[in-house]
Amino acid sequence: MNGLTKHVKNRFFLGLLCGLLMLAQVSTASACPFCSAPSLTLTEQLSQSDVAVLVQWTEAEKGTLDKAGKTVFEIKEIVRQADKDKLKVGDQITINRHRPGKKGNLFLLLGTKGASIDWGDPIEVTETSFHYISQAPAPEEKTSKRLRYFLKFLEFPDQMISNDAYAEFANAPYEDITPLSKEMPREKIRKWIVDLETPVTRLGLYGLLLGLCGQEADVAFMEKKINEPTKEFRLGIDGVISGYLLLTGADGLDKIDETKFVPKDVAFSETYAAMQALRFMWTYGDGRISKERLRQSMRLLLDRPELTDLVVADLARWDDWSVLNRLMGMYGTGDYDIPSIKRAIVRYLLVASKGKNKKGGGPDAATTEKAKQMLDKLRKEDPKTVRSAERFFFLK
């Protein structure tokens, strides 16, 4: 496989991976970085409703071409209503659609008020899941306080409950998760990480949680998980690596360099996951690993052409101007003779040529001048690429 073919193949994979990551972060950029797509939780659905009642399925009728189906429920408990609604326990509610069920099945009905109550799709519950929902802290309460309640229900036997508790963590900002570190069930989290029954979408969160609450004894355990032989994409391993780095700091990063960054035969997805962990530590690591040490590891990835354009962009954001000459030497050579890489290098030079920014970052005067000279050279030798790079370049 030549360099360009390999690059295209890995870029296709990376595009798919980035798409998944974008979906996972669609609700808010501050949500848990390694959780699958956040969803509207049960407490959020409850808080957004005007009326909420626990009902029991009574009967249902399928629709025909001439008549809509219907389902009849009996109210067992009033969760929320305005005084004027005057719903009572024992009243019947009929919705104009068919919902299969058996006598005695429990459902939560949520409605919004207009001229009449518009009932949403019935949510089937058990007595246990209904109490879980009704006793949960409201979304208006402090997030860390709310998460203490949901922490008890991660991997709860009732799937509706465990899915919802996970969703609460997936929606939560990382900074609201960290205060719970001393209350996290460390032994249970270890079991969840290796349990084949644990949904793979939750691995990233559990790896992160173990990094927050872990002990020295967990280091070897996490290393074993991180270094499992694989050629396949492992969802959530980026969260496990991030938790490992929270726990081990620079010493752990030395091992990630040795196992994920330096060897050329490591699966592309594994290297990319470790790269995501570097980005996590840069943003959330709170000095656990120094900025310069993180830059050092990121620079190792310049040797991976399939990642080079992303690495160059990160190094520019991270104010690493030590690779200026190296990037210029790579430009248009061998496996680096790829449009996306050349555009990334041009944009790196564009940032460097602007000098110091409003936040005090940016290169010194000598580096700025050198970047300007390099740009002038590329404008003469490769004007098409420079114009392409400048077209969608916005310096903040």
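Only a predicted model underlies this, so the values are computations on that prediction, with no experimental measurement involved.

Section: the domain arrangement of the protein
Interface size is commonly expressed as the accessible area that is lost once the parts come together.
Inference 1: Looking at the assigned domains, one finds that the protein contains domain 1 (42–133), domain 2 (181–302) and domain 3 (304–395).
Inference 2: Averaged C-alpha coordinates put domain 1 and domain 2 at centres separated by 44 Å.

Observations regarding a nonpolar patch on the surface
Inference 1: Taken together, the side chains of Val200, Phe233 and Leu235 define a hydrophobic patch exposed on the protein surface, amounting to about 250 Å² of accessible area.
Inference 2: By the element assignment, Leu235 lies in the loop between α9 (217–226) and α10 (237–248).

Some thoughts on the pairing of strand β3 (residues 92–95)
Inference 1: By the alternation rule, side chains of β3 split into Ile93 and Ile95, which are all buried, and Gln92 and Thr94, of which none is buried.
Inference 2: Here strand β2 (residues 70–80) runs beside β3; their pairing, made up of four bridges, is antiparallel. Pairing of Thr71 across the sheet is with Ile95, part of β3.

Some words on the packing of aromatic side chains
Inference 1: Using the criterion set out here, one finds 15 aromatic pairs in the structure.
Inference 2: Ring centres of Phe34 and Phe280 lie 5.4 Å apart, and the angle between their planes is 55°; on these two criteria the pair is classed as tilted. Linking Phe34 in the loop between α1 (3–24) and α2 (42–47) with Phe280 in helix α12 (residues 268–284), this pair joins segments that are 246 residues apart in sequence. Each member of the pair Phe34 and Phe280 is classed as buried.
Inference 3: Note on Tyr149 and Phe150: the rings are 5.2 Å apart at their centroids and 85° apart in plane angle, and the pair reads as edge-to-face. Per residue, the accessibility class of Tyr149 equals that of Phe150, and both read buried.
Inference 4: The side chain of Arg190 reaches across the aromatic face of Phe221, ending 4.2 Å from its centre.
Inference 5: In this structure, Lys291 packs its charged tip against the face of Trp282, placed 4.0 Å from the ring centre.

Considerations on the confidence of the model for the protein
Inference 1: Looking at the protein as a whole, its pLDDT mean stands at 90, while 90% of the residues score no less than 70.
Inference 2: Low confidence marks residues 15–29, where pLDDT is under 50. Its contacts with residues over four positions away, or in another chain, come to 17 contacts.

Side note on the packing of helix α14 (residues 308–317) against helix α16 (residues 339–353)
Inference 1: It is at 8 Å that the axes of α14 and α16 come closest, and there the two elements cross at 10°. The angle between α14 and α16 falls in the class roughly parallel. Side by side, α14 and α16 meet where Thr308, Asp309, Val312, Leu315 and Ala316 of the first sit next to Ser340, Ile341, Ala344, Ile345 and Tyr348 of the second.
Inference 2: Its residues assigned to classes, the contact of α14 with α16 comprises seven nonpolar, two polar and one charged.

Things to note about helix α13 (residues 291–300)
An α-helix turns once per 3.6 residues; consequently, residues spaced three or four apart project the same way.
Inference 1: Arg293, Leu294, Arg295, Ser297, Met298 and Arg299 are the residues of α13 that are buried.
Inference 2: On the buried face of α13, the contacting elements are α11 (250–261), α12, α14 and α15 (324–330).

Focus on the packing of α10 against α12
Inference 1: At their nearest, the axes of α10 and α12 sit 8 Å apart, and the two run at 45° to each other. Between α10 and α12, the crossing angle belongs to the class labelled oblique. For α10 against α12, the interelement crossing comes out right-handed. Residues Ile237, Asp238, Ile241, Ser242, Leu245 and Leu246 of α10 form the contact with α12, whose own contacting residues are Glu270, Ala273, Ala274, Gln276, Ala277, Phe280 and Met281.
Inference 2: Here the residues of the contact of α10 with α12 are counted per class, giving nine nonpolar, two polar and two charged.

Considerations on the nonpolar core
Inference 1: In this structure, Tyr348 and Leu349 are the most contacted members of the largest nonpolar core, which totals 103 residues.
Inference 2: Looking at this core, the element that brings in the most residues is α12, giving 10 residues.
Inference 3: For Tyr348, the residues in contact, after removing those within four places along its chain, are Val312, Leu315, Ala316, Asp320, Trp321, Ser322, Val323, Leu324 and Leu327.
Inference 4: By size, the runner-up hydrophobic cluster in this structure holds 12 residues, among which are Val51, Val53, Trp57 and Phe73.

About the criteria used
- Residues numbered from 1 in each chain as written.
- Predicted model: local features only at pLDDT ≥ 70, side-chain atom pairs only at ≥ 80, totals over all residues.
- Heavy atoms only, no water.
- Domains from an automatic or database assignment.
- Patch = residues over 30% accessible without salt bridge, like charges linked within 9 Å, V, L, I, M, F, W, Y side chains within 5 Å.
- Areas by Shrake-Rupley, 256 points an atom, 1.4 Å probe, with all protein chains shown as cover.
- Salt bridge = Lys/Arg side-chain N within 4 Å of Asp/Glu carboxyl O.
- Helix = DSSP H or I, 4+ residues; strand = E, 2+ residues; numbered from the N terminus.
- Buried < 20%, exposed > 50% of the residue type's maximum accessible area, 1.4 Å probe, protein only.
- Pairing = 2+ DSSP bridges.
- Phe/Tyr/Trp six-rings, centres within 6.5 Å; stacked < 30°, edge-to-face > 60°.
- Lys NZ or Arg CZ within 6 Å of the ring centre and 35° of its normal.
- pLDDT = per-residue confidence, 0-100.
- Contact = heavy atoms within 4.5 Å.
- Axes fitted to C-alpha atoms, helices over the stretch in contact; angles between N-to-C directions.
- Parallel < 35°, antiparallel > 145°, perpendicular 65-115°, else oblique.
- Nonpolar A, V, L, I, M, F, W, Y, C, P; charged D, E, K, R; others polar.
- Left-handed = near helix turned anticlockwise from the far one by under 90°.
- Core = buried A, V, L, I, M, F, W, Y, C linked by side-chain atoms within 4.5 Å.

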